[in-house]
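# Reading the structure
Next come the chains, spelled out residue by residue.
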Amino acid sequence: MEKGAKIFIAGRFGLVGSAIERALRRHGYQNIVGLSHDELELTVQAEVETYFKIEKPQYVFLAAAKVGGILANNTYPAEFIYSNLEIQNNVIHACYQFGVKKMLFLGSSCIYPKFAAQPMIEDELLNGKLEPTNEPYAVAKIAGIVMCQSYNRQYGTNFVSVMPTNLYGINDNYHPDNSHVIPGLLRRFHDAKVANAPEVVVWGTGSPKREFLFADDLGDACVFVMQQYSSNEIINIGSGVEVTIRELAETIKHVVGYSGVLRFDTSKPDGTPRKLLDVSKLKQLGWQAQTTLEDGLTVAYQDFLKKVNSR
């Protein structure tokens with residue numbers, strides 16, 4: 001990417017989009033555009049086409065998506081597949097229509113089969129059944145990957161697809177019902193601390209293992225991929241480090257400064273025992289995550305406190 005090139009970030013002000021913008025600016029890219037959801041409705045094709053016609057971006061990061069945790073995915077499955085398909089279709093097609101030099105599509109680790117071999121390599125895509133709780137979202141993301149590959153084959157475009165692991169960081173969603181595991185736990189431990197609650201209960205045994213990536217590391221990886229990688233093959237982005245849910249909860253408890261008891265409700269389900277991405281392809285290209293879990297959680301908690309105090 002040329003330093004003066006115009007770069008459009010779809011989803012610029014969300015968790016992923018804002019991290020990509022910070023990474024771009026660290027690398028010397030300043031000509032960055034992107035509007036809020038209220039200013040540009042990406043699900044409306046006419047609005048997207050008009051925006052591309054006016055702005056004429058040369059590079060695009062497609063980080064906009066309707067996202068949420070298990071409860072949100074189960075409650076709004078139709079919205080998750082419909083909205084994400086609309087956003088992807090409109091932005092990807094506009095990139096082709098208006099001659100964008102290169103576009104990066106953000107997928108998700110949930111595209112891999114529920115019982116994929118661990119750690120999950122890129123070739124596991126479409127090798128088995130998906131996790132039912134987020135299948136509509138995963139199917140939409142898979143459609144986006146195939147769309148990018150199809151446009152590359154038919155039109156000679158340069159669209160790349162990356163698969164990030166579980167993310168957290170600045171500008172996360174801390175909604176009590178619709179958030180992912182880390183922002184949800186940060187909020188619960190904080191609320192318990194403020195209320196002097198005697199305990200915080202976490203579902204399951206705490207034994208399942210998960211991988212987490214600080215969003216600013218993802219942003220840096222996305223810029224790296226745009227600079228270094230052009231292929232129809234998808235590429236994983238992760239930390240390569242896994243922790244148990246117990247270790248995660250104990251670290252969050254420490255970061256928040258909660259002094260009560262952490263209790264695991266073993267009557268509740270654990271979910272998938274392990275979920276880890278194989279990030280060897282990205283490492284071979286020369287990139288790996290730099291932020292430790294505790295350091296990332298400390299930054300995320302400070303961001304949460306700013307949001308709480310600004311209300």
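Residues numbered from 1 in each chain as written. Predicted model: local features only at pLDDT ≥ 70, side-chain atom pairs only at ≥ 80, totals over all residues. Heavy atoms only, no water.

## Points about the environment of Thr291
- Along the chain, Thr291 turns up in the loop between helix H9 (280-285) and helix H10 (293-309).
- Linking Thr291 and Ile234, residues 57 residues apart in sequence, is a C-alpha distance of 23 Å.
- Residues in contact with Thr291, not counting those within four places in the same chain, are Phe214, Asp217 and Gly296. (Helix = DSSP H or I, 4+ residues; strand = E, 2+ residues; numbered from the N terminus. Contact = heavy atoms within 4.5 Å.)

## Considerations on the UniProt feature "binding site: substrate" (unreviewed entry) in the protein chain
- The sites that carry the UniProt feature "binding site: substrate" (unreviewed entry) are, in the present numbering, Arg188, Trp203, Arg210 and Asp270. Of the annotated set named above, Arg210 line the second largest pocket.
- Within the secondary structure, Arg210 sits in strand E8 (residues 209-214).
- Arg210 gets classed as buried once you look at its relative accessible area, which sits at 15%.
- Ignoring anything within four residues of it in the chain, the contact list for Arg210 reads Asn166, Val241, Glu242, Val243, Ile245, Asp270, Gly271, Thr272, Pro273, Arg274 and Lys275.
- With respect to the element layout, Asp270 can be found in the loop between strand E11 (261-265) and strand E12 (274-275).
- Other than its neighbours up to four places away in sequence, Asp270 contacts Gly204, Thr205, Gly206, Ser207, Pro208 and Arg210.
- For Asp270, the side chain forms a polar contact with the side chain of Thr205, separated by 2.7 Å. (UniProt positions renumbered as here; feature names shortened; annotations may be inferred. 1 Å grid on protein atoms, 1.4 Å probe; cavity = no way out; pocket = protein on both sides within 12 Å on 5 of 7 lines; lining within 4 Å. Buried < 20%, exposed > 50% of the residue type's maximum accessible area, 1.4 Å probe, protein only. Polar contact = N/O pair within 3.5 Å; in protein donor to acceptor, adjacent residues only side chain to side chain.)

## A closer look at the pattern of salt bridges
- If you walk through the whole model with that rule in mind, you get 13 salt bridges.
- Note that Arg263 is salt-bridged to Glu199, the shortest N-O span being 3.2 Å. Of this pair, Arg263 sits in strand E11 while Glu199 sits in strand E7 (residues 199-203), and the two are 64 residues apart along the sequence.
- For Glu199, a relative accessible area of 33% gives the class partly exposed.
- One network of salt bridges, in which partners are shared, links Arg12, Glu21 and Arg25. (Salt bridge = Lys/Arg side-chain N within 4 Å of Asp/Glu carboxyl O.)

## Some details on helix H1 (residues 15-26)
- When the terminal C-alpha atoms of H1 are compared, their 17 Å separation across 12 residues agrees well with the 16 Å that a helix rising 1.5 Å per residue should span.
- For H1, the tally of buried residues reaches nine of 12 residues, placing the bulk of the element in the interior.
- Of all the positions in H1, only Leu15, Val16, Gly17, Ser18, Ala19, Ile20, Glu21, Ala23 and Leu24 are classed as buried.
- Next to the buried residues of H1 lie strand E1 (7-10), strand E2 (32-33), strand E3 (59-62), strand E4 (102-106), strand E6 (166-168) and helix H7 (215-228).
- Looking at the residues trailing H1, positive phi occurs at Gly28, about 95°. (Expected span 1.5 Å × (residues − 1).)

## Let's talk about the packing of aromatic side chains
- Applying the stated rule across the entire model yields 12 aromatic pairs.
- Aromatic side chains Phe8 and Tyr51 sit 5.0 Å apart centroid to centroid with 50° between the ring planes, which places their arrangement in the tilted category. With Phe8 in strand E1 and Tyr51 in helix H2 (residues 45-55), this residue pair connects regions lying 43 residues apart in the sequence.
- Residue class for Tyr51 comes out buried when judged on its relative accessible area of 7%.
- Residues Phe189 and Tyr258 carry aromatic rings whose centres are separated by 5.7 Å and whose planes lie at 65° to one another, so their mutual orientation is edge-to-face. A residue pair is termed long-range when its members are at least 10 positions apart, and Phe189 in helix H6 (residues 181-195) and Tyr258 in the loop between helix H8 (245-256) and E11 qualify at 69 residues. Taken individually, Phe189 and Tyr258 each receive the classification buried, so the pair is uniform in this respect.
- Connected via pairs of aromatic rings, a cluster forms that spans Phe8, Tyr51, Phe52 and Phe98.
- Looking at Lys268, its charged tip hangs above the ring of Trp203, at a distance of 5.4 Å from the centre. (Phe/Tyr/Trp six-rings, centres within 6.5 Å; stacked < 30°, edge-to-face > 60°. Lys NZ or Arg CZ within 6 Å of the ring centre and 35° of its normal.)

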